[in-house]
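Here's the letter readout for the chains.
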Amino acid sequence: MAGIVATAVYSAGFSPLLSVLAFATVGVGTVAACFAGPRRFGAEPRAAWVLLTAAALAFLIGVVIRPWAVTLPLPFTLLSDLTTIPGYLLTASFFVLLLRARQSVQRHAVLDGLLVCLAGGLVCTLLLAVPAALVGGRPAFVGVLAAAYPLLDVVLLLLVVNLTFTATSWPLSLVTLLTAMALMGVGDLTYAVLGVSGRLYASPLLDVPFLLAFVLMGVTTLHPSVVELSRAARRPVQAWSWRRMSLLLPAMVTPFLMLVLVGDRSAGHRVTIALVGAAMVVLLVIRAVSAVQAQVAAQLHSEHQATHDPLTGLPNRRLISAEIERLLDGTPAGGDRRVWVYLLDLDGFKWVNESWGHDTGDQLVIEVAARLRSVVPPARMLARVGGDEFLLAYVGEQTGALRLVDEIRGCFAGPLSVRDTEVVISASIGIAHAVSDGDPAVTAEALMRDADTAMYRAKAEGPGRSTVFDTSMHDRVRERIELEAALRTALTRGQLRVAYQPILHLDTGRPVGAEALVRWDHPDRGPIPPMSFIPVAEEAGLIGAIGTWVREEALRQLAEWRADGTVTDDFYLSVNVSPRQLNDADLPLVVAGELLRHGVPARAVALEMTESVMVDGSSVTTRVLFDLREMGLRLLVDDFGTGFSALGYLRRFPVTGVKIDRSFVAGLGQSMEDEEIVRAVVAMSHALGLTVVAEGVETRLQRDALAAVGVTQGQGWLWGPAVPPGEFAGHWHAGGPAARAAAAAGKNQRLATPAGKGRNQLTAGNS
Ligand code: C2E
Ligand code: CA
Ligand code: CA
């Protein structure tokens, strides 16, 4: 508002003093605004706004001294041009920086600009500069200089217009900037036309466009949307655009128009028009070529994106699938040459992701990809086909193929440094191979699926293993599917039972608790060991239902035993829970309901879970564990010592005890190492206030060794396998024969139950 009032005052020309004051207000105000506005709003890039401030200053000086300079003799007449022309150059630099920040400087945009500039230049030269130069009474270059300004405006306008090509929204700052440049063009054109008539300065009214331009520049920099000027909403595309065409078309007809319009058909004119026309044709050709090139590049880029993984730049599943297909077609049968497909899956990747964050996970994948790439023969394709899965195709004989497996393993031998962290990781590798003998069943898809099956086998054997696919795995897959179906019926037809194995106090030999173990008696196939159907149930999503059934049955049994005096009040029943069950946020509530319904106190129930639950577990699992502990249940770590060596989770999670895995117990009395491990576990558990149960105690020797190192509770065939509830009650009744004998002897004798059943089952399960 102040700017407009000042402009009005200036143009009215009340008095010289008022005019100077008004002018100073606009000029100094704009320079100050250009300096302070962008700083205040944090507009980027900083250097650009410094340039614009300098430009405003240069224009201001130019306009101020012009009325005075034109009265001076030559060459001082040109004093104002000496600052104005640098002002244009500074403004142009400002736009270039802005365009760069918007990533809008592109070859075709520059070519378009040159085309328009050539046309504008031609018009300026023929209609303004030449006539102005011919004006008598002054050197020719004074006139030419005056006529040059519109050309400078053309350049500026072009840069601004380019700015608008990448705009999807029109912030106020952009509109005012555009208008300011247009007003400057109008002002300059007026002066240039004036120049043709031989004058260099006429009246203050001619300065109005400049003053308004100044005011608008101030508005541009003082409006908060100034920050948006350096941000393009999207990258410019080569798409057809009327905006672009509305500039290019007039430019292209200009040479023809000039030919027709310019009255004076001197040879010089015609040569100029022809030269400019020719230059424009050359530019158009270059532009066409550039457009085609850009098109091809864009196409290649999008093809690359469709077939490559963005994180590692490796081919994706689609591409390697096609490659394997090609190899199968192109590898002649005969000889020992085969097509090999390797599927690699990182072990514990989820763990890395969750403990260090996804960025580190990504970084690790990139690092692994680079290492793999360095061992895979350059001609062979390596692809990333999943979060932590890589697929690799190889053609050759078996020895070469197996050597490659060793080399891949070697990739994981040393730690990978990822963001100042050393990560040790291994990969499970599944390998499938085939010759193409025209068999339609041998497809890339089938090979990849076989490699996947083999990889799962390898994973089941432990981390860092590799397995070559054989057809028996298919049978196993089929068997698994059958087992799954049978398990569903088992659940509905009541083929499941719960067996109970006592947990004893090593000193007194009296049962302190029991573990509930599920049993499945298949009507045709006989007993099926839990080791073979629990994993299937987990994968098929049946574990929740089975777990609930087992828990329900065990709690009912416990309530009965507590009521009839079979067990004492401090006796606890231990139930196995799998990771999936603990990932169910409703579990604590469900368990609370069950306890209430059966009238069993929470302290009489223990839940056994593997270490992986806590190491891999989600935030839901963590919540569930804390809730269960809060309710008073005991939480035991099953198979302790077989999983991860990081023990931090023992402190982070509310566990109450550990069950030493039977593999350590088996070595007692024979292996010093196992004894040391058990000793260490006991020491650590004492320090953390955890209870210790030894699993798989089969001999007196083991029991004595355990007692010697301070283990207090044991479970194993020494005292008997898991038995049906009736049998359990018969032997372990709190006042029964076994208990009395144990109490009398202070030690416990072996239970006279046929242990064969339990033993057979376990053997079957482990094979
Ligand atoms: P686990 O939790 O480690 O259970 C102990 C296993 O060791 C049982 O095998 C038991 O019969 C066996 N065992 C007991 N004493 C001895 C011994 O002195 N020597 C040897 N070598 N083995 C002994 P089982 O019953 O075949 O169960 C195998 C696994 O199946 C269990 O291992 C547990 O992980 C899982 N499982 C069993 N019941 C359930 C259940 O209800 N829910 C879930 N989620 N898993 C269950
Ligand atoms: Ca267990
Ligand atoms: Ca166990």
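On a predicted model such as this, the values are computed, not experimentally measured, just so you know.

Enquirer: Is there a simple way to explain the overall build of the protein chain in this structure?
Expert: Along the protein chain, the regular secondary structure elements total 29 helices and 16 strands. Over its C-alpha trace the protein chain gives a radius of gyration of 43 Å, far above what one expects of a compact globule, namely 27 Å for 767 residues. If you line up the protein chain on its principal axes, its C-alpha atoms span 135 × 70 × 50 Å. Put simply, the protein chain has 767 residues, and 47% of those count as buried. Residue pairs at least 24 apart in sequence account for 73% of intrachain contacts in the protein chain once pairs closer than 6 positions are excluded.

Enquirer: I keep staring at the coordination of the calcium ion (ligand 2) and nothing clicks. Help me out?
Expert: Looking at the metal site, the calcium ion (ligand 2) is ligated by Glu515 (OE), Asn576 (OD1), Glu608 (OE) and Asp638 (OD), spaced 2.0 to 2.3 Å from it. Between the donor residues of the calcium ion (ligand 2), the gaps in sequence give the motif E-x60-N-x31-E-x29-D. Between the calcium ion (ligand 2) and the calcium ion (ligand 3), both coordinated by Asp638, there is a metal-metal distance of 4.0 Å. Pair noted here: Glu608 is in strand S12 (residues 605-610) and Asp638 is in strand S13 (residues 634-640), with a separation of 30 residues, a long-range link. For Glu608, a relative accessible area of 1% corresponds to the buried category.

Enquirer: When you look at the coordination of the calcium ion (ligand 3) in this model, what are you seeing that I'm missing?
Expert: Note on metal sites: the ideal angle is 109.5 degrees for four tetrahedral donors, and 90 or 180 degrees for six octahedral donors. Within the protein, Asp638 (OD), Asp639 (OD), Glu695 (OE) and Glu695 (OE) serve as the donor atoms for the calcium ion (ligand 3), at 2.2 to 2.5 Å. Sequence spacing of the donors to the calcium ion (ligand 3): D-D-x55-E. Classification of Asp639 as partly exposed rests on a relative accessible area of 25%.

Enquirer: Is there a simple way to explain the packing of aromatic side chains in this structure?
Expert: Aromatic rings in a pair are described by how distant their centres are and how their planes are angled relative to each other. The full count for this structure, using the stated rule, is 10 aromatic pairs. Ring centres 5.0 Å apart and planes at 65° place the aromatic pair Trp49 and Phe94 in the edge-to-face group. Of this pair, Trp49 sits in helix H3 (residues 46-69) while Phe94 sits in helix H4 (residues 79-101), and the two are 45 residues apart along the sequence. Classification of Phe94 as buried rests on a relative accessible area of 0%. Connected via pairs of aromatic rings, a cluster forms that spans Tyr500, Trp561, Phe571 and Phe728. Across the ring face of Phe35, the terminal group of Arg39 is positioned such that the distance to the ring centre comes to 4.5 Å.

Enquirer: Would you mind going over the pattern of salt bridges with me for this structure?
Expert: Side chains that differ in sign of charge can pair as their charged atoms come close. Taken as a whole, this structure holds 24 salt bridges when the rule is applied. Here Arg623 makes a salt bridge to Asp627, at a shortest N to O gap of 3.0 Å. With Arg623 and Asp627 both in helix H22 (residues 619-631) and four residues apart, the pair spans about one turn of that helix. Across the pair Arg679 and Glu675 runs a salt bridge whose closest N-O atoms are separated by 3.5 Å. Here Arg679 pairs with Glu675, and both are found in helix H25 (residues 672-688), just four residues apart, close to one helical turn. The class for Arg679 is partly exposed, based on a relative accessible area of 38%.

Enquirer: Honestly, a nonpolar patch on the surface in this entry has me stumped. Any pointers?
Expert: The grouping of Val253, Phe256, Leu257, Leu259, Val260 and Leu261 at the surface amounts to a nonpolar patch, some 600 Å² of accessible area in total. Judged by relative accessible area, Leu259 falls into the partly exposed class, the value being 39%.

Enquirer: Please explain the site of ligand 1 as it appears in this structure.
Expert: Residues in contact with ligand 1 amount to 22 residues; listed here are only the nearest, Gln501, Asp638, Arg662, Glu698 and Trp717. Taking Arg662, its side chain carries an N or O atom lying 2.8 Å from an oxygen atom of ligand 1. Interatomic distance of 2.6 Å between a side-chain N/O atom of Glu698 and a nitrogen atom of ligand 1. Computed on the free molecule, ligand 1 has an accessible area of 790 Å², of which 92% lies beneath the protein chains in the complex.

Enquirer: What is the right way to look at the packing of helix H7 (residues 172-196) against helix H8 (residues 208-222) in this model?
Expert: Between two packed helices, what matters for the description is the angle formed by their axes and the separation of those axes. Between H7 and H8, the shortest axis-to-axis distance is 8 Å and the interhelical angle comes to 165°. Judged on the interaxial angle alone, H8 and H7 are roughly antiparallel. In terms of crossing hand, the pair formed by H7 and H8 is left-handed. Of the residues in H8, those touching H7 at Leu172, Ser173, Thr176, Leu177, Thr179, Ala180, Met181, Leu183, Met184, Gly187, Asp188 and Tyr191 are Pro209, Phe210, Leu212, Ala213, Leu216, Met217, Val219 and Thr220.

Enquirer: So what exactly am I meant to see when it comes to the sheet that holds strand S7 (residues 466-468) here?
Expert: A sheet is described by the order of its strands in space; here five strands give the open sequence S2-S3-S1-S6-S7, paired in mixed fashion. Only two strands of the sheet have a single neighbouring strand rather than two, namely strand S2 (382-386) and S7. Each strand of the sheet is rotated relative to its neighbour by a mean of 20°, with strand direction disregarded. As judged from the eight bridges shared by strand S1 (residues 338-346) and strand S3 (residues 389-396), these two strands associate in the antiparallel manner. Residue pairing for S3: Leu343 is matched across the bridge by Leu391. Taken strand by strand, helix H11 (residues 317-330) contacts S1, S2, S3 and strand S6 (427-434), and its axis lies near 15° from that of S3.

Enquirer: Hey, could you run me through the pairing of strand S8 (residues 496-505) in this one?
Expert: Strand residues, when the strand is regular, have side chains that alternate between the two faces of the sheet. Counting buried positions over the 10 residues of S8 gives eight, a clear majority of the element. Looking at chain direction, S8 and strand S9 (residues 511-522) are connected through nine bridges and run antiparallel. Across the sheet, residue Leu496 finds its bridge partner in S9, namely Trp520. Joining the antiparallel neighbours S8 and S9 is a turn of five residues, in which Gly509 adopts a positive phi near 75°. Direction of pairing for S8 relative to strand S16 (residues 713-714): antiparallel, over a ladder of two bridges. By the bridge assignment, Leu504 is partnered in S16 with Gly714.

Conventions used here
Residues numbered from 1 in each chain as written. Chains lettered and ligands numbered in written order. Predicted model: local features only at pLDDT ≥ 70, side-chain atom pairs only at ≥ 80, totals over all residues. Heavy atoms only, no water. Helix = DSSP H or I, 4+ residues; strand = E, 2+ residues; numbered from the N terminus. Rg over C-alpha atoms; globule rule 2.2 N^0.38 Å. Buried < 20%, exposed > 50% of the residue type's maximum accessible area, 1.4 Å probe, protein only. Contact = heavy atoms within 4.5 Å. Donors = N, O, S within 2.8 Å, 3.2 Å for Na, K, Ca; no water. Phe/Tyr/Trp six-rings, centres within 6.5 Å; stacked < 30°, edge-to-face > 60°. Lys NZ or Arg CZ within 6 Å of the ring centre and 35° of its normal. Salt bridge = Lys/Arg side-chain N within 4 Å of Asp/Glu carboxyl O. Patch = residues over 30% accessible without salt bridge, like charges linked within 9 Å, V, L, I, M, F, W, Y side chains within 5 Å. Areas by Shrake-Rupley, 256 points an atom, 1.4 Å probe, with all protein chains shown as cover. Near = heavy atom within 4 Å. Polar contact = N/O pair within 3.5 Å; in protein donor to acceptor, adjacent residues only side chain to side chain. Axes fitted to C-alpha atoms, helices over the stretch in contact; angles between N-to-C directions. Parallel < 35°, antiparallel > 145°, perpendicular 65-115°, else oblique. Left-handed = near helix turned anticlockwise from the far one by under 90°. Pairing = 2+ DSSP bridges.

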